[in-house]
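# Coordinate analysis (summary)
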Amino acid sequence: MMDVQLTVPLMMERAEKFFAKKKVISRTANGIQRLSYGEIGRRTRQLSSILVDFGVEKGDKVGTFAWNHHRHLEAYFAIPGMGAVLHTINIRLDPNQIAYIINHAEDRVLLIDDCFLPLFEQIKDDLKTVKAYIIMTDNEELPPTSLYPVHHYEKILQQGNPTYEFYKEINEQEPAGLCYTSATTGDPKGVLYSHRSIVLHSMALGLADNAAVSESDIAMPVVPMFHVNAWGLPFAAVWFGTTLVMPGPFFTPKLLAELIESEKVTIAAGVPTIWLGLLKELEEKEYDTSSLRAVLCGGSAAPKGVIERFEKKFNIPFVHAYGMTETSPLVVLSRLKSYQSNITDEEKYEYKAKQGLLVPGVEMKVMGKDGEVKWDGKEMGELLLRGPWIASEYHKDDRSHGAFCDGWLYTGDVVTVDEEGFIKIVDRTKDLIKSGGEWISSVDLENALMAHESVFEAAVVPVPHEQWQERPIACVVLKESAKNHVTKEELMQFLAPQFAKWWLPDDILFLDEIPKTSVGKFLKRTLRDQILTHYQSE
Ligand code: AMP
């Protein structure tokens, strides 16, 4: 067979050639813009040529600091399209971490949304490698800024070459993308994606048994473009000619519901907190969501109750998936097998709440205390992965040794596997509650609590215990309508029949909100500190 290199520029070229009329619907600060793939392609080439003019060279890193919109999409293809590496930076990290990441990556140029200028004014003196700033804005003029040299995205694009030939002398193993993990402890770790891994991962997103992204879809990545490349959706969508809906800055559940209705979105992707918010909106106000054929949910465990409400109340198919920055991210996705169509509703949602089956192209091992675990849905072990879109090391980082060994990625996720091969994430190794020598899954308790009709969100964390080493404490945010009505005892009674006695939380605390990480996951370390302070002050 031919040894043809799998590269990112080929994806954009396909969209330009075959889908020039298809649209990207982009919500920006000034409203909704509709651009065709023909236009996006020309603008992408203009940006590539400008980066060449700026002296960006093959292998250099170019950072983006932006929401999900068409300009960010252009950067996704323009940067690897001229041989450089697209580094998507998490806009929600604290300024010190942002400066650390930019310096560690050695970004040469930064593309920044205008709303983030004040932040860069603050950290600019700490940035050691940045040679130019390009500001993405709808406005004619840039706001006053001390960043230097600074350029207006649209104005500089006009000077670019719309027929620039994408750089083709690329070996598919060369880097095209760079993302840092949203490390909750220590500095974030960088993962370099190769052209090949991006292309193969995009292909996996298109498989019928996976996300089945296709030309006929209208896809809305709500997951940020800095969170594992919006789970690879922008790459796959452009390659397949899929219509894209980019929800832009500062979106709300109401705005997402309106976009789904007005643009007839067929597939949307995001973390559970996004879907919890949308669910609340749909329950309060009527929207036409009949176009949705899939809500793709990953990043943390999707509670069974939420899945059930989406499917039963709103007829919206819910697809649970699992992955991590190190895995591009898609590696596990939950779809029932064809011969499972006769199972009860209860069983169906048990399955759907599991993360699912390993996708084709990736291999796994689950290692318990005594070797590989039994597939009985009970024995727990750490999930190990390998495959063509799984990282083999962290970028310039000594911490690679702990995570990558003997050709496998040690995910740090503790899982069970049932007889059908369905994987269930029990916890992060560090979040498991170790009580009296046994393990309690915080995720299971959280899901059970979130299935209660009065509970909006629930997080369970371990607190130190003299006798048992650790014990679970549950933190619950009640729905507005249930505030002051629901008691701790009622929730305990609700949990009791579902778990062994020693699994039940020692206490349930009612909070106004649960602290979240920069990508919307429960920030358990902060929560645990809050709880300890709470008990000390009692
Ligand atoms: P990140 O690299 O920020 O995407 O985080 C990856 C981690 O998120 C994984 O190692 C898991 O611990 C967690 N995660 C991702 N998807 C799921 C899921 N569907 N259910 C439970 N945990 C998940």
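Residues numbered from 1 in each chain as written. Predicted model: local features only at pLDDT ≥ 70, side-chain atom pairs only at ≥ 80, totals over all residues. Heavy atoms only, no water.

### Considerations on the sheet that holds strand 14 (residues 318-323)
Stated formally: Think of it this way: DSSP has to see at least two bridges between two strands before they count as a pair. Here a helix means four or more residues in a row that DSSP labels H or I, a strand means two or more in a row labelled E, and each is numbered from the N terminus. A contact between two residues is defined here by any heavy atoms of the two lying within 4.5 Å. Axes here mean lines fitted to C-alpha atoms, for a helix over just the part in contact, with angles spanning 0 to 180 degrees between N-to-C directions.
Taken together, the 9 strands give an open sheet; going across it, the order is 2-1-11-10-12-13-14-15-16, and neighbouring strands pair in mixed fashion. Edge strands, defined here as strands with exactly one partner in the open sheet, are strand 2 (31-36) and strand 16 (357-358). As judged from the 2 bridges shared by strand 15 (residues 330-333) and strand 16, these two strands associate in the antiparallel manner. Opposite L333, over in strand 16, you have L357 as the bridge partner. Across the sheet, helix 10 (residues 253-263) lies against strand 1 (23-28), strand 2, strand 10 (218-221) and strand 11 (243-246), angled at about 170° from strand 10, the strand it touches most.

### Describing the packing of aromatic side chains
Spelled out, the test is: To pair, rings of Phe, Tyr and Trp, with the six-membered ring standing in for Trp, must have centres within 6.5 Å; the planes then decide the type, stacked if under 30 degrees apart, edge-to-face if over 60, and tilted in the middle. The cut-offs for exposure are 20% and 50% of the maximum accessible area for each residue type, with area from a 1.4 Å probe on protein chains only; residues under the lower value are buried, those over the upper are exposed, and the others partly exposed.
Within the structure shown, the criterion is met by 16 aromatic pairs. Ring centres of F65 and F116 lie 5.0 Å apart, and the angle between their planes is 90°; on these two criteria the pair is classed as edge-to-face. Separated by 51 residues along the polypeptide, F65 in strand 3 (residues 61-65) and F116 in the loop between strand 5 (107-113) and helix 5 (117-123) bring together distant segments of the chain. Given a relative accessible area of 1%, F65 falls into the buried group.

### Focus: the site of the ligand
Heads up, the rule is: A cutoff of 4 Å decides nearness: a residue is near a molecule or strand if any of its heavy atoms lies inside that distance of it. We define a polar contact as two N or O atoms separated by no more than 3.5 Å, with the added condition that, inside protein, one atom must be a possible hydrogen donor and the other a possible acceptor, whereas residues neighbouring each other in sequence contribute only through side-chain atom pairs. To be clear on the numbers: accessible area is Shrake-Rupley with a 1.4 Å probe, and residue cover counts the displayed protein chains and nothing else. Residue classes follow a fixed rule: Ala, Val, Leu, Ile, Met, Phe, Trp, Tyr, Cys and Pro count as nonpolar, while Asp, Glu, Lys and Arg count as charged, and any other residue, Gly among them, counts as polar.
In the vicinity of the ligand lie 16 residues, with A321, T325, Q355, D413 and K521 positioned nearest. H320 is positioned with one of its side-chain polar atoms (N or O) 3.1 Å from a nitrogen atom of the ligand. T325 places a polar side-chain atom, nitrogen or oxygen, 2.6 Å from an oxygen atom of the ligand. In the complex, the protein chains occlude 90% of the 500 Å² of accessible area that the ligand would expose alone. Mapped by element, the contributors of at least two residues to the shell around the ligand are strand 14 and strand 22 (423-428). Per-element tally for the shell around the ligand: the top contributor is strand 14, with 4 residues. Counted by class, the shell around the ligand contains 5 nonpolar, 8 polar and 3 charged residues.

### Looking at the pattern of salt bridges
Our working definition: The salt bridge criterion pairs a side-chain nitrogen of Lys or Arg with a carboxyl oxygen of Asp or Glu, the two atoms within 4 Å.
On inspection of all chains with the given rule, the structure shows 35 salt bridges. For R196, the salt bridge is made with E172, and the minimal N-O distance between the two is 3.4 Å. Taken together, the residues R196 in helix 7 (residues 195-206) and E172 in the loop between helix 6 (153-158) and strand 8 (175-180) connect sequence positions 24 residues apart. A salt bridge links R309 to E283, with the shortest nitrogen-to-oxygen separation between them at 3.1 Å. Remark: E283 occurs in helix 11 (residues 272-284) and R309 occurs in helix 12 (residues 304-314); sequence separation between them is 26 residues.

### Quick word on the UniProt feature "domain: AMP-binding enzyme C-terminal" (unreviewed entry) in the chain
Convention followed: UniProt positions are given in the numbering used here, feature names are shortened, and annotations may be inferred rather than shown by experiment.
Feature annotation in UniProt assigns "domain: AMP-binding enzyme C-terminal" (unreviewed entry) to the following positions: residues 445-521. In the segment residues 445-521, helix accounts for 18% and strand for 32%; the C-alpha atoms at its two ends are 16 Å apart.

### Examining the nonpolar core
Buried together is how nonpolar side chains tend to be arranged in soluble globular proteins. In plain terms, the rule: Buried residues of nine kinds, namely Ala, Val, Leu, Ile, Met, Phe, Trp, Tyr and Cys, make up a nonpolar core once their side-chain atoms join them within 4.5 Å. Here the bounds of each domain stem from an automatic or database domain assignment.
Core analysis: the largest hydrophobic core is formed by 91 residues, its most contacted members being Y37, L73, F77 and L244. A total of 7 residues in this core trace back to one element, the largest contributor, which is helix 9 (residues 233-240). Three or more residues apiece are contributed to this core by two domains, here domain 1 (9-251) and domain 2 (363-428).

### Observations concerning unusual backbone geometry
At the junction of Y148 and P149, the peptide bond is cis and its omega measures out at -15° in the coordinates. In this structure, P329 follows S328 across a cis peptide bond, with omega equal to 10°. Tracing the backbone shows P329 in the loop between strand 14 and strand 15. Its identity is not glycine, yet V228 carries a phi of approximately 45°, on the positive side. By secondary structure assignment, the location of V228 is in helix 8 (residues 228-231). Here V228 falls in the buried class, since its relative accessible area comes to 3%.

### So, the side chain of R27
With respect to the element layout, R27 can be found in strand 1. A polar contact of 2.7 Å, which involves the side chain of R27, links it to the backbone oxygen of P247.

### Here's the deal with helix 1 (residues 8-18)
Where helix 1 is concerned, the buried positions are V8, P9, M11, M12, E13, A15 and E16. Against the buried residues of helix 1 lie helix 2 (37-53), helix 3 (70-81), strand 8, helix 7 and helix 9.

### Remarks on the domain arrangement of the chain
Note the cut-off: Buried area: the accessible area, evaluated with a 1.4 Å probe, that two parts lose upon being put together, summed over both parts.
By the assigned domains, the chain splits into domain 1 (9-251), domain 2 (363-428) and domain 3 (433-537). Measuring from the centre of the C-alpha atoms in domain 1 to the corresponding centre in domain 2 gives 30 Å. Each partner contributes to the interface: domain 1 provides 18 residues, whereas domain 2 provides 9 residues. Of the roughly 1,100 Å² buried between domain 1 and domain 2, counting both surfaces, carbon and sulfur atoms make up 60%. Where domain 1 meets domain 2, there are 1 salt bridge. A salt bridge links E106 to K396; the nearest nitrogen and oxygen atoms lie 2.7 Å apart. For the pair domain 1 and domain 2, the interface holds 5 residue pairs in polar contact (both at pLDDT 80 or more). For the side of domain 1 that touches domain 2, the secondary-structure elements that each account for two or more residues are helix 4 (95-105), strand 8, strand 9 (190-194) and helix 7. Of the residues in the side of domain 1 that touches domain 2, the class split is 8 nonpolar, 5 polar and 5 charged.

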